[in-house]
Each structure stands twice: as C-alpha cells, then as structure tokens.
Amino acid sequence: MLLVGLTGGIGSGKSEAARIFTGLGVPVIDTDAIAHVLTAPGQPLVQSIIHLFGDEFLNPDGSLNRAALREKVFADENARRQLEAILHPAIYDEVLQAIDRHPEAPYQVIAVPLLFESDRYQNLIQRSLLIDCDETLQIRRTTARSGMPASAVEAIMRAQMPRVERIKRADDIITNDQGLPELQKKIEELHQIYLQTC
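Presented here is an overview of the structure given in this document.

Definitions and cut-offs
Residues numbered from 1 in each chain as written. Predicted model: local features only at pLDDT ≥ 70, side-chain atom pairs only at ≥ 80, totals over all residues. Heavy atoms only, no water. Axes fitted to C-alpha atoms, helices over the stretch in contact; angles between N-to-C directions. Helix = DSSP H or I, 4+ residues; strand = E, 2+ residues; numbered from the N terminus. Left-handed = near helix turned anticlockwise from the far one by under 90°. Contact = heavy atoms within 4.5 Å. Buried < 20%, exposed > 50% of the residue type's maximum accessible area, 1.4 Å probe, protein only. Pairing = 2+ DSSP bridges. 1 Å grid on protein atoms, 1.4 Å probe; cavity = no way out; pocket = protein on both sides within 12 Å on 5 of 7 lines; lining within 4 Å. Points joined across faces, edges and corners; volume = space filled by probe spheres on them. Nonpolar A, V, L, I, M, F, W, Y, C, P; charged D, E, K, R; others polar. Salt bridge = Lys/Arg side-chain N within 4 Å of Asp/Glu carboxyl O.

### Quick look at the packing of helix H2 (residues 31–38) against helix H5 (residues 77–100)
Part 1: Between H2 and H5, the least distance of the axes is 10 Å, while the angle of their chain directions is 115°. For the element pair H2 and H5, the recorded crossing hand is right-handed. Taking contact as the criterion, the partners of Thr 31, Ile 34, Ala 35 and Leu 38 in H2 are, on H5, Ala 90, Ile 91, Glu 94 and Val 95.

### Brief notes about the side chain of Asn 176
Part 1: Looking at the element boundaries, Asn 176 is found in the loop between strand S5 (172–175) and helix H9 (180–197).
Part 2: Overall, Asn 176 belongs to the buried group, its relative accessible area being 6%.

### Here's the deal with the pairing of strand S3 (residues 107–111)
Part 1: Buried residues dominate S3, accounting for 5 of its 5 residues.
Part 2: Side chains Tyr 107, Val 109 and Ala 111 project from S3 onto one buried face, and the interleaved Gln 108 and Ile 110 project onto a second face that is buried too.
Part 3: With 5 bridges joining them, strand S1 (residues 2–7) and S3 adopt parallel strand pairing. Across the sheet, Leu 6 pairs through a bridge with Ala 111, a residue of S3.
Part 4: The pairing of strand S2 (residues 28–30) with S3 spans 3 bridges and is classified as parallel. When the bridges of S3 are listed, Val 28 appears paired with Val 109.

### Side note on the layout of surface pockets
Part 1: The calculated volume of the largest pocket comes to roughly 1500 Å³.
Part 2: Residue lining of the largest pocket: 48 residues in total, with Asp 32, His 36, Arg 70, Phe 74 and Pro 113 positioned closest to the centre.
Part 3: Top element by residues in the lining of the largest pocket is H5. It accounts for 6 residues.
Part 4: The residue inventory of the lining of the largest pocket, partitioned by class, reads 22 nonpolar, 14 polar and 12 charged.

### Examining the pattern of salt bridges
Part 1: Using the criterion set out here, one finds 8 salt bridges in the structure.
Part 2: Between Arg 163 and Asp 132 there is a salt bridge, with the nearest N and O atoms lying 2.8 Å from each other. Note that Arg 163 is positioned in helix H8 (residues 163–169) and Asp 132 in strand S4 (residues 127–132), a separation of 31 residues in sequence.
Part 3: In this structure, Arg 169 engages Glu 165 in a salt bridge whose closest nitrogen and oxygen atoms are separated by 3.3 Å. Of this pair, Arg 169 and Glu 165 both sit in helix H8, 4 residues apart, which is roughly one turn of the helix.
Part 4: Relative accessible area serves as the criterion here: at 43%, Arg 169 is assigned to the partly exposed category.
Part 5: Among the charged side chains, a salt-bridge network with shared partners connects Glu 165, Lys 168 and Arg 169.

Dropping the structure here:
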C-alpha cells in the first residue's frame, strides 16, 4: 500500500486538500484531528500537559485553553519541544492503528503539518505531497479564517520549516493560489497518478 504524507505551511490549504482526497474515497489520517481527540477533556494527555505547563492552561470545563497554549509554545521553542514530546508519540501510535483500518485501500494520505520537521514519518511514507502558496497568501487566509492577528500567524510560520526548504524536500507539489476548483482539479489529476503508482 502506498502511504502519502500530506503537508503544507499554515494557511496553505492542506485541510482543503485532505477534504478533497476524502471526497475521492481515499482514507485520510489527519494528525491534527487525532491531536484534538487526544487532548479532549478527561484524556490522560491533558493531565500530562497541565502538569508540565500549569493550571492556567486549563479551562473551567476541563478543556485545554488551546489559544493560550498555542501562544506560549510558539513564543518559546523549549516549551514547544516539551509539548511535542508529550503529543507526537501518542499521535504516531494512533496513525499506525488508523492505517491498519483500511487494508483494502490502494493508497492512504497521512496529513502531517510538521512532516519534514520530524523524522518520525519519513520511514512510514513512500511519497510526500506539499500544498504550497505564497507566504503573503498564507497570512491572509489564516487571519481571515481564524481571526488571529498577523503577528501570531507569522510566529507560527517562523516555527515551521521555511517554505523554500519544504519545496526542496517534497516529492510532489501542488501550488494552491487559484482557488478551490483549481485545487480540486490538481488533486484529481494526482489521484489518478497515485492509483497508477499502486
């Protein structure tokens, strides 16, 4: 089975790309979605995170204050690494279980925002797909979608691998700067190539 790692900087459109693959019947394993499940109220990882960072990152309903935590870890590289050390092994275990749920699929897509920043997935995937766009467009899309200030988006971008480095490392690149219909068309074309590769 072919395993494709899907990645892209914040605001590049990788979530839209994942939805398009899902619409084509391709199993998509979204590590962001897994992280949300693993850090839901009452989950063991929440206690580990609060033990490390403090009660101020816990909301009254037992959920993580994700906005405050995000602000902290993107301002403090050491804190980000500590959080990743808690989250990433657990997410990876869930990814392996999810792959096993679709043994009949010709190929599967694993959406990993930090695909190239971590060695964890390099031996797992056979191809990497980068959804790419201009950095100005990344900022514009993210501020419009999330309401975050541009400075916060830029802090997240600084924590991610530089765009030029992602481009160097990717096996396949889709430039997403023309809107959703064009993205759909490009992914449908690549879908056929992946099916032939299988």
